[in-house]
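Per-entry structural report
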Amino acid sequence: KDCPWTDFNAKKPKPKPIEFSTVPVPGQRLVPGITNVSYNGEYMYFTQAPKFEGDDLVVTLRNAIKALGFKYSYENGKYVGTKGESIIEVTPGSNKVTYNGKAYTIGKAPTTERIPMVSITDLAEVIGANCSYDSVNNVYVITDKEVAQ
């Protein structure tokens, strides 16, 4: 008669949402079972697990921009990242990327799916970062040239 689980009006605690971030989190470690990404020594976390397509590591476009240290916005069909004076603009479906006013051609255009995917390798190379893959630890390492020196 008085079953507690049938009281639909009872206040139930809301579950805490799972938080995903591409912002470096001090002290974070490798996530087993996926390819991890390190940018200037800090591990990045993505809303969708990165995956290799050939030699390119593919991640969501928005997360790629944020992972490379840019503030992200979406304007007129373009994904725009700003970092200090630097601006990167990427349009899904186009292999043309603009970085600081200069046009670059990347190997493969970002997909036009609901959640666009892009090669983080291509974007890192456009901004002049060094890229390598640590197969022992399954970590894709991206380092700004200034940091690498």
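1. Side note on the pairing of strand β4 (residues 56-60)
Most of β4 sits inside the fold, with four of its five residues counted as buried. Inspection of the sheet shows strand β3 (residues 51-53) paired to β4 by three bridges, in the antiparallel sense. In the strand pairing of β4, Lys51 is matched with Val58. Following β3, the chain reverses through two residues before pairing antiparallel with β4; Gly54 in that reversal takes a positive phi of roughly 70°. Taken together, the three bridges between β4 and strand β10 (residues 117-119) define a ladder with antiparallel strand orientation. The residue bridging Thr60 from the neighbouring strand is Met117, located in β10.

2. Some details on the confidence of the model for the chain
For the chain, mean pLDDT is 79; residues scoring 70 or higher make up 76% of the total. Scored below 50 in pLDDT, residues 1-8 makes one contact in the model with residues more than four places away or belonging to other chains. Counting interchain partners and residues more than four positions distant, the pLDDT-below-50 stretch residues 12-26 has 17 contacts.

3. Let's talk about the sheet that holds strand β6 (residues 78-83)
Taken in spatial order, the five strands of this open sheet run β5-β6-β7-β8-β9, and their pairing is antiparallel. Across the chains shown, the open sheet's two edge strands, defined by having one partner strand only, are β5 (71-75) and β9 (102-105). On average, adjacent strands in this sheet sit at an angle of 25° to one another, irrespective of strand direction. Two strands pair when backbone bridges link them, and strand β8 (residues 96-99) and β9 are joined in this way by four bridges, in the antiparallel orientation. Looking at the pairing, Val97 lines up with Tyr104 of β9.

4. Digging into the packing of aromatic side chains
Enumeration according to the criterion identifies five aromatic pairs in this entry. Taken together, a centroid distance of 6.3 Å and an interplanar angle of 70° make the contact between Phe52 and Tyr140 edge-to-face. Taken together, the positions of Phe52 in strand β3 and Tyr140 in strand β12 (residues 139-143) put the pair 88 residues apart, joining distant regions of the chain. With a centroid separation of 4.9 Å and 70° between ring planes, the pair formed by Tyr74 and Tyr79 is classed as edge-to-face. You can call Tyr79 buried: its relative accessible area is 10%. These aromatic residues form a ring-pair network of at least three members: Phe52, Tyr133 and Tyr140. In this arrangement the basic side chain of Lys83 is found over the ring face of Phe70, its NZ or CZ atom lying 4.7 Å from the centre.

5. Considerations on the pattern of salt bridges
If you walk through the whole model with that rule in mind, you get two salt bridges. Linking Lys108 and Glu53 is a salt bridge whose minimum nitrogen-to-oxygen distance equals 2.9 Å. Taken together, the residues Lys108 in the loop between β9 and β10 and Glu53 in strand β3 connect sequence positions 55 residues apart. Residue classification places Glu53 among the partly exposed residues on the basis of a relative accessible area of 33%. Close ionic contact of Glu89 with Lys78 constitutes a salt bridge, the shortest N to O distance being 3.9 Å. Of this pair, Glu89 sits in strand β7 (residues 86-90) while Lys78 is found in strand β6, placing the two residues eleven residues apart along the sequence. Judged by relative accessible area, which is 33%, Lys78 ranks as partly exposed.

Analysis parameters
Residues numbered from 1 in each chain as written. Predicted model: local features only at pLDDT ≥ 70, side-chain atom pairs only at ≥ 80, totals over all residues. Heavy atoms only, no water. Buried < 20%, exposed > 50% of the residue type's maximum accessible area, 1.4 Å probe, protein only. Helix = DSSP H or I, 4+ residues; strand = E, 2+ residues; numbered from the N terminus. Pairing = 2+ DSSP bridges. pLDDT = per-residue confidence, 0-100. Contact = heavy atoms within 4.5 Å. Axes fitted to C-alpha atoms, helices over the stretch in contact; angles between N-to-C directions. Phe/Tyr/Trp six-rings, centres within 6.5 Å; stacked < 30°, edge-to-face > 60°. Lys NZ or Arg CZ within 6 Å of the ring centre and 35° of its normal. Salt bridge = Lys/Arg side-chain N within 4 Å of Asp/Glu carboxyl O.

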